[in-house]
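Fold and contact review
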Amino acid sequence: MADEKTLDTRVKVHLKIKRFNPETDRRPHFEDYEVLLRAGDRVLDALHLVKWTIDGTLSFRRSCAHGVCGSDAMVINGENKLACVNLIRNVGTHLTIEPIRGLPIIKDLVVDMEPFFAQYRAVLPYLINSDEPGYKERRQSQADRERYDDTSKCILCACCTTSCPIYWTNDGYIGPAAIVNAHRFIFDSRDEGTQERLDILNEKSGVWRCRTSFNCTQACPRGISVTKAIEEVKREILFDRI
Ligand code: SF4
Ligand code: F3S
Ligand code: FES
């Protein structure tokens, strides 16, 4: 077991961060920074150190710092990740950090999430049921609950959608995150909006744009089988029309 001294040993971490200030820059550029961190610190700690001790103008989103809110998705050494759950000992001491791709950059690592949330809203991501709920909860079996357990873990971080090559080249594609959140209700036995959602996802902006690249599954910090969920929705649309 590592002793206390080893745990507290600091290492030099080099960061190359893509910066963009819309008021002064015509295009994004990289800037370099060095900070001292412990191997058990997170990439988010590195960004905080840069912001708090070197350059207070660095902009990035974060809130919970524990992999729950989904606000600090960024491209870390070429892969979409959450800064708050990736430790220096796992990602290395030379970090290239960029904003997630496919969404407009507002400033530095902050992108405009509105197109992403508009696509999320488009799939009606809430329970639709016209029955009077009464005094008890709407019950379902464990097997029925299991059906959408995986997709219920989504934290809307956009790591999946912004790692999808189809999304980069066609912002009309609704994207994997929206499909995951549609799946969560399509396969909920208590929901009555399945047909409406399947119709939305059967449009040209929907599931058929997916070319099964699997980037989304690889990028998901919650370990959701994103591509499998998309395939299940595709099958449901086909089944529905036979
Ligand atoms: Fe993030 Fe995974 Fe949800 Fe995509 S499916 S938004 S990667 S949590
Ligand atoms: Fe894109 Fe994922 Fe399909 S990366 S192409 S949505 S499998
Ligand atoms: Fe909330 Fe990273 S800050 S998920």
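Residues numbered from 1 in each chain as written. Chains lettered and ligands numbered in written order. Predicted model: local features only at pLDDT ≥ 70, side-chain atom pairs only at ≥ 80, totals over all residues. Heavy atoms only, no water.

Our focus in this paragraph is the nonpolar core. Grouped together as the largest cluster of nonpolar side chains are 62 residues, with contacts concentrated most on L15, L47, L95, I97, Y173, L201 and V233. In terms of residue count, helix α7 (residues 176-186) provides more of this core than any other element does, six residues in total. For Y173, the residues in contact, after removing those within four places along its chain, are Q119, C164, I166, Y167, I179, S205, G206, R209, C210 and I230. (Core = buried A, V, L, I, M, F, W, Y, C linked by side-chain atoms within 4.5 Å. Buried < 20%, exposed > 50% of the residue type's maximum accessible area, 1.4 Å probe, protein only. Helix = DSSP H or I, 4+ residues; strand = E, 2+ residues; numbered from the N terminus. Contact = heavy atoms within 4.5 Å.)

Turning next to the pairing of strand β4 (residues 79-82). The two faces of β4 differ: N80 and L82 on one face are buried, but E79 and K81 on the other face are not. Count of turn residues in the strand β3 (residues 73-76)/β4 antiparallel hairpin: two residues, of which N77 carries a positive phi of about 50 degrees. (Pairing = 2+ DSSP bridges.)

Around ligand 1, 13 residues are found, and the nearest of them are C154, C157, A158, C160 and C220. For the shell around ligand 1, the per-class residue count stands at 12 nonpolar, no polar and one charged. (Near = heavy atom within 4 Å. Nonpolar A, V, L, I, M, F, W, Y, C, P; charged D, E, K, R; others polar.)

Attention now goes to unusual backbone geometry. Of note, A65 is a non-glycine position whose phi angle comes to about 65 degrees, a positive value. For A65, a relative accessible area of 19% translates into the label buried. Non-glycine residue A158 carries a positive phi angle of around 75 degrees.

Per the counting criterion, the structure on display carries one aromatic pair. Plain terms: the ring middles of F116 and F117 are 5.3 Å apart, the flat faces sit at 75 degrees to each other, and that makes the pair edge-to-face. Residue classification places F116 among the buried residues on the basis of a relative accessible area of 3%. Between the NZ or CZ atom of R184 and the centre of the ring of F185, over which it lies, the distance is 4.1 Å. (Phe/Tyr/Trp six-rings, centres within 6.5 Å; stacked < 30°, edge-to-face > 60°. Lys NZ or Arg CZ within 6 Å of the ring centre and 35° of its normal.)

In the vicinity of ligand 2 there are 13 residues, among which C164, Y173, C210, R211 and C216 approach most closely. Sorting the residues of the shell around ligand 2 by element identifies α9 (215-219) and α10 (226-241) as the ones contributing at least two each. Grouping the constituent residues of the shell around ligand 2 by class yields eight nonpolar, four polar and one charged.

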